[in-house]
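Residue-level listing of the chains:
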Amino acid sequence: MGIALPEPKGHQRDVVSLKAEGHCVVLGTAGSGKTTMAVHRAHYLAKAPEIGGQTLLVTFNKALITYLRGISVVSPSLRIETYHRFARGYLNNRQPPVRIYKDKEQAVQRSLDALRANGSRRAVLDRPIEFFMDELHWMVGHGVTDRGSYVEDVTPRIGRGQPLQQSDREIVFEIYRDYLRQRAEAGYRYDWDDIASIVLRSLKEDSTNRRYRHIVVDEGQDFTPEMIRSLAAAIPENGSLTFFGDYAQQIYGSRMSWRSLRLTVREIARFAHNYRNSRQVAHLAQAMSAMPHFRDGVDLVEPTGFDADGPKPTVVKVADHDRQLGEAARQARALGSDRQVAVLTRTRDHEARLRSLLLSEGVSPWRLHRDLSRWPQGPGVFYGTYSSAKGLEFDSVILPLCDRATLPKPSEVLAHGQAEAAARESRQLYVAVTRARTELVLLHSSKLTTLLPDEMSDLYVRVDR
Ligand SMILES: Nc1ncnc2c1ncn2[C@@H]1O[C@H](COP(=O)(O)OP(=O)(O)OP(=O)(O)O)[C@@H](O)[C@H]1O
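Residues numbered from 1 in each chain as written. Predicted model: local features only at pLDDT ≥ 70, side-chain atom pairs only at ≥ 80, totals over all residues.

An unreviewed UniProt entry annotates the chain as DNA 3'-5' helicase originating from Phytomonospora endophytica.

This is the structure we're talking about:
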């Protein structure tokens, strides 16, 4: 084993040895031990006499897989991989082989341009390509790909923006249909978004023995319903699917509830104790999740207890963006001498600059990225995007560029409108904030983002540089 796993406590213990048959859902607040218990449960299911068997622990991002491998005992009956790896692996063993169409965005753009050129005046056509990509991802991810279900919108949606009118959905569906035509003409039947539905369909017709008896899903809130349904179809009748998730941390696409997964769940477990964040970091996260733009009726588990005290999060104001990055690099060097520090940004745009600033401070940083092949032990500095840090944790977290003009990301506001962009982007920021065990530093130059509580709040200490 790499890092020693803490022993389950209280309610966590029941979850590790939940029934090894059927579907279980475990929802928990940030830092409540979901990933840790997912690893414990996967080991239990891989090894338990009689009920144990080949087990798959599946999650979303590759850096988290590297981390999970670092905290797990290597065992021949346990595999840890991303969903896409599982799906490709399964499909590669089926015939005919699946070829993936990779030009989706360009094709959708062509469909959109053609409709615009036809003189349609619908305002929805003024939305950027990101909006249409997101909507098509939602349709395929939910398995809602026939005109009736999509246009009449029978599937409940959660969102803070204006719901799309039926006539606008007709237009989105028209674009989808035209995209399918282009894809077929190029000789393809599938793109990446279809993978889960193909696996699901294929498994429904597949009567051969299942490779895994048990599947454990970590960070389940970011899987589309079709992905979860395909995993549920990948286990035998005497097997189990355990879903761990936190909908406060859902950062890909439109928000949804675990109820849309169509699992057959008898009992739901909830973890409310936060073992990671200091009381001060947790209070900030809690205040963020209580802000009006965050609230939208998705199941949130309120944290009820914290283990440690620490300093209040610091809000630092510096002259401009470049100096924010410089200050982040300086603070990372100072803190990184005896602990793990992460400098996180919303987009990849500033990574190269940040890396060179860290190098000039004499720090050799680790990039949080799919190519991170080994989880480093001991002190060090990491950098990457909020989403690349999903599921991970660091002693200290530094977040430059927390300005109102950069958060929410302007392209999200253009695609989805202010209210929906704020709801989505506040989850991104919530993920970033809750990666910090003890120190949290937020940097800005102009007004602080409205996704955070007011800068005069007593949740912070304020510093002007
Ligand atoms: N029973 C426990 N005793 C002590 N520490 C624990 C216990 N359970 C979890 N922890 C610690 O709490 C921290 C958070 O755990 P973990 O990463 O599993 O939480 P999580 O719910 O997956 O968090 P997130 O959803 O925010 O990524 C880790 O450092 C883990 O070692």
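Past the structure itself, the notes keep going.
A. Looking closely at the site of the ligand. Taken together, 19 residues surround the ligand, and among them Gly33, Lys34, Thr35, Thr36 and Tyr275 come closest. Going through the elements one at a time, α2 (34–47) and β9 (273–278) are the ones with two or more residues in the shell around the ligand. It is α2 that contributes the most residues to the shell around the ligand, three residues altogether. Per-class residue counts for the shell around the ligand are four nonpolar, 10 polar and five charged. (Near = placed C-beta within 6 Å. Helix = DSSP H or I, 4+ residues; strand = E, 2+ residues; numbered from the N terminus. Nonpolar A, V, L, I, M, F, W, Y, C, P; charged D, E, K, R; others polar.)

B. Focus on the sheet that holds strand β3 (residues 78–82). What the six strands build is an open sheet, ordered β3-β2-β6-β7-β1-β8; its pairing is parallel. Whereas interior strands pair on both sides, the edge strands pair on one side only; in this sheet they are β3 and β8 (265–271). Direction aside, neighbouring strands of the sheet carry axes that sit 15 degrees apart on average. When strand β6 (residues 214–217) meets strand β7 (residues 240–245), the two strands line up parallel, connected through four bridges. Note that in β7 the partner of Val217 across the bridge is Phe243. The sheet strands contacting α2 are β1 (22–28), β2 (55–59), β3, β6, β7 and β8, and the helix crosses β2 at an angle near 160 degrees. (Pairing = 2+ DSSP bridges. Axes fitted to C-alpha atoms, helices over the stretch in contact; angles between N-to-C directions. Contact = placed C-beta atoms within 7 Å.)

C. View of the packing of helix α5 (residues 104–117) against helix α8 (residues 166–185). Contact geometry for α5 and α8: axes closest at 9 Å, N-to-C directions at 125 degrees. Between α5 and α8, the angle falls in the class oblique. Between α5 and α8 lies a crossing of right-handed hand. Of the residues in α8, those in contact with Ala107, Val108, Arg110, Ser111, Leu112, Ala114 and Leu115 of α5 are Ile171, Glu174, Ile175, Asp178, Tyr179, Gln182 and Arg183. When grouped by side-chain class, the residues that make up the contact of α5 with α8 number eight nonpolar, two polar and four charged. (Parallel < 35°, antiparallel > 145°, perpendicular 65-115°, else oblique. Left-handed = near helix turned anticlockwise from the far one by under 90°.)

D. Seen up close, the UniProt feature "binding site: ATP" (unreviewed entry) in the chain. The residues that UniProt annotates with the feature "binding site: ATP" (unreviewed entry) are Gly28, Thr29, Ala30, Gly31, Ser32, Gly33, Lys34 and Thr35. In this structure Thr29 touches Asp246, Phe271, Ala272, Asn274, Val301, Glu302 and Pro303, once residues within four positions along its chain are discounted. Within the secondary structure, Ser32 is located in the loop between β1 and α2. Ignoring anything within four residues of it in the chain, the contact list for Ser32 reads Phe271, Ala272, His273, Asn274 and Tyr275. (UniProt positions renumbered as here; feature names shortened; annotations may be inferred.)

E. Examining the nonpolar core more closely. Ranked by internal contacts, the top residues of the largest apolar core, which has 107 residues, are Leu57, Ile215, Ala332 and Val433. Among the elements that line this core, the one with the most residues is helix α15 (residues 418–433), at eight residues. Each of two domains, domain 1 (11–94 + 193–271) and domain 3 (279–464), supplies a minimum of three residues to this core. Ignoring any residue separated from it by four or fewer positions in sequence, one finds Leu57 in contact with Ala38, Val39, Ala42, Leu68, Leu78, Ile80, Val216 and Asp218. If you look at the next biggest cluster of nonpolar residues, it comprises 16 residues, including Val108, Phe131, Met139 and Tyr179. (Core = buried A, V, L, I, M, F, W, Y, C linked by C-beta atoms within 7 Å. Buried ≥ 20, exposed ≤ 12 C-beta atoms within 10 Å, placed from the backbone. Domains from an automatic or database assignment.)

F. Seen up close, the confidence of the model for the chain. Looking at the chain as a whole, its pLDDT mean stands at 92, while 98% of the residues score no less than 70. Reported confidences for the modelled complex are a pTM of 0.94 and an ipTM of 0.97. (pLDDT = per-residue confidence, 0-100.)

G. Inspection of the domain arrangement of the chain at higher detail. Looking at the chain, the domain boundaries give domain 1 (11–94 + 193–271), domain 2 (104–180) and domain 3 (279–464). Its C-alpha centre places domain 1 at a distance of 30 Å from the equivalent point of domain 2. For the side of domain 1 that touches domain 2, the class distribution of residues is two nonpolar, six polar and four charged.

H. Structural detail: the environment of Gly220. You can see Gly220 is positioned in the loop between β6 and α10 (225–233). Excluding its chain neighbours within four sequence positions, the residues that come into contact with Gly220 are Ile228, Phe243, Phe244 and Gly245.

I. Looking closely at the sheet that holds strand β17 (residues 461–464). Read from one edge of the open sheet, seven strands run β13-β14-β12-β15-β16-β11-β17, paired in parallel fashion. Each end of this open sheet is capped by a strand with a single partner; those strands are β13 (366–367) and β17. Where strand β11 (residues 314–317) meets β17, four bridges bridge the pair, whose relative direction is parallel. Bridge pairing links Thr314 to Val461 in β17. Where helix α13 (residues 351–360) meets the sheet, it contacts β12 (340–345) and β14 (380–385), and its direction lies at approximately 170 degrees from that of β14.

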